[in-house]
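# Fold and geometry: a report
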Amino acid sequence: MDTDFSMPLSDVIKILLKGEERELRERDLLGYVENLARGGKEALQQALKEVETAITGWNDSYFISTYEKRVDEFNRGKLNRDPGYLDDLFFKEELLIKEGKTGLTVDYLYKAIERLGFIDGNHQDAITSAWALDDFEFLKTQWEDLALGQIRALREAIRDALKVVSPKRCNEVQGANRLQKGVIECPEVFGVDVCCEITGYKKNTVYKLTARGDMPCCRSGNNGRKLVFRREDILAWMTTRRQETNDEFIKQMGGQLAARK
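Residues numbered from 1 in each chain as written. Predicted model: local features only at pLDDT ≥ 70, side-chain atom pairs only at ≥ 80, totals over all residues. Heavy atoms only, no water.

### A look at the side chain of T210
- By the secondary structure assignment, T210 is in helix 11 (residues 203-211).
- A distance of 3.0 Å separates a polar atom in the side chain of T210 from the backbone oxygen of Y207.
- Beyond its immediate sequence surroundings of up to four residues, T210 is in contact with M215, C217, R219, L227 and F229. (Helix = DSSP H or I, 4+ residues; strand = E, 2+ residues; numbered from the N terminus. Polar contact = N/O pair within 3.5 Å; in protein donor to acceptor, adjacent residues only side chain to side chain. Contact = heavy atoms within 4.5 Å.)

So this is what it looks like as structure tokens:
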């Protein structure tokens, strides 16, 4: 992605949804999100809303087309329906097309994946095999992973940034480096106040997270009501949702393809 971090979010979303940034560098993505975070928590929340709305809109612009497949089944005597069913299905899909939606078939998915680019030779073989076997679900999953991979990464980066940025507007980003330094400098065991300082959460939020079992903690004292935290537990918890790299994504895809053979 262009390192112009001042680029409007709407333009970034358009670029990512076009699949033009298959080699998006993690440092550029994080740099762009850090720039968004300069507007504070509200700016990040608005950005997350825009990204999620764009993903939803992208999904809503497609529908699963079954008309041609049903016609073929009818002609081969494998569809126990009257011809009126096919007419209704045809007009239903025509209406969706007039609304600007695109019908998904195995042929469309194969060509779309081909345009986005196969990960490697094994991926191409798997996609070709799925196309020949009419494996619609596999093709659709692979297509979505390729087409939405980068904008999903942007969404996750914004979500992670929301965990650490102050609700107030700020001139400097409270980034991961600052948080890591805070964790390293804190004692091995600490209380709620220090936990709030290094995670960016308010006390009420920390209490809710620990009550639900979503944040690791220990309960000291005779009645077990005093909350204390271990440094290594909080550090591990804060870095649980790590964004995968391009190499890791390719390795994961390779494992999925190998499992199909």
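### Regarding the state of the cysteines
- One pass over the structure, following the stated rule, counts 0 disulfides.
- C196 supplies the cysteine sulfur nearest to C195, a cysteine that is in no disulfide, at a spacing of 5.9 Å.
- Judged by relative accessible area, which is 0%, C195 ranks as buried.
- We classify C196 as buried; its relative accessible area is 13%. (Disulfide = S-S within 2.5 Å. Buried < 20%, exposed > 50% of the residue type's maximum accessible area, 1.4 Å probe, protein only.)

### Observations regarding the environment of E52
- Topologically, E52 is positioned in helix 3 (residues 41-60).
- Taking the C-alpha atoms as reference, E52 lies 9.2 Å from I151; in sequence the two are 99 residues apart.
- Those residues in contact with E52 that sit more than four places away from it in its chain are R155 and R159.
- A polar atom in the side chain of E52 sits 3.1 Å from the side chain of R159.

### Description of the pattern of salt bridges
- Going through the model one piece at a time under the given rule, you end up with 12 salt bridges.
- For E73, the salt bridge goes to R70, with nearest N and O atoms at 3.3 Å. Separated by 3 residues within a single helix, E73 and R70 lie in helix 4 (residues 67-75), roughly one turn from each other.
- Across the salt bridge formed by K140 and E144, the nearest N and O atoms sit 2.7 Å from each other. (Salt bridge = Lys/Arg side-chain N within 4 Å of Asp/Glu carboxyl O.)

### Here's the deal with the sheet that holds strand 5 (residues 226-230)
- The 3 strands lie next to each other as 3-5-4, forming an open sheet whose pairing is antiparallel. Strands at the two margins of the open sheet, each flanked by one partner only, are strand 3 (189-190) and strand 4 (218-220).
- When strand 4 meets strand 5, the two strands line up antiparallel, connected through 3 bridges. Note that in strand 5 the partner of C218 across the bridge is V228. (Pairing = 2+ DSSP bridges.)

### Structural notes on the packing of helix 10 (residues 192-199) against helix 12 (residues 231-238)
- At a closest axis distance of 12 Å, the pairing of helix 10 and helix 12 adopts a crossing angle of 30°. It follows from the interaxial angle that helix 10 and helix 12 lie roughly parallel. In this structure, the crossing between helix 10 and helix 12 has a hand that is right-handed. Every residue of helix 12 that contacts helix 10 at C195, I198 and T199 is listed here: I234, W237 and M238.
- Class assignment of the residues belonging to the contact of helix 10 with helix 12 gives a composition of 5 nonpolar, 1 polar and no charged. (Axes fitted to C-alpha atoms, helices over the stretch in contact; angles between N-to-C directions. Parallel < 35°, antiparallel > 145°, perpendicular 65-115°, else oblique. Left-handed = near helix turned anticlockwise from the far one by under 90°. Nonpolar A, V, L, I, M, F, W, Y, C, P; charged D, E, K, R; others polar.)

### Quick notes on the nonpolar core
- Ranked by size, the top nonpolar core spans 44 residues in total, and within it L44, V51, W143, I151, L154 and I158 carry the most contacts.
- Where this core is concerned, the elements lending two or more residues are helix 1 (9-17), helix 2 (26-37), helix 3, helix 6 (106-116), helix 7 (121-132) and helix 8 (136-162).
- The leading source of residues in this core is helix 8, at 14 residues.
- Beyond its immediate sequence surroundings of up to four residues, W143 is in contact with W58, Y62, L104, Y108, L109, A112, I113 and L116.
- Among the nonpolar cores identified, the runner-up in size contains 12 residues, and C186, F190, V206 and F229 belong to it. (Core = buried A, V, L, I, M, F, W, Y, C linked by side-chain atoms within 4.5 Å.)

### Quick look at the packing of aromatic side chains
- Applying the stated rule across the entire model yields 11 aromatic pairs.
- Where Y110 meets F118, the ring centres are 6.1 Å apart and the plane angle is 55°; that geometry is what we call tilted.
- The rings of W58, Y62, Y108 and W143 are connected pair by pair, giving a single aromatic cluster.
- Between R81 and the ring centre of Y85, over which it is positioned, the NZ or CZ distance is 4.2 Å. (Phe/Tyr/Trp six-rings, centres within 6.5 Å; stacked < 30°, edge-to-face > 60°. Lys NZ or Arg CZ within 6 Å of the ring centre and 35° of its normal.)

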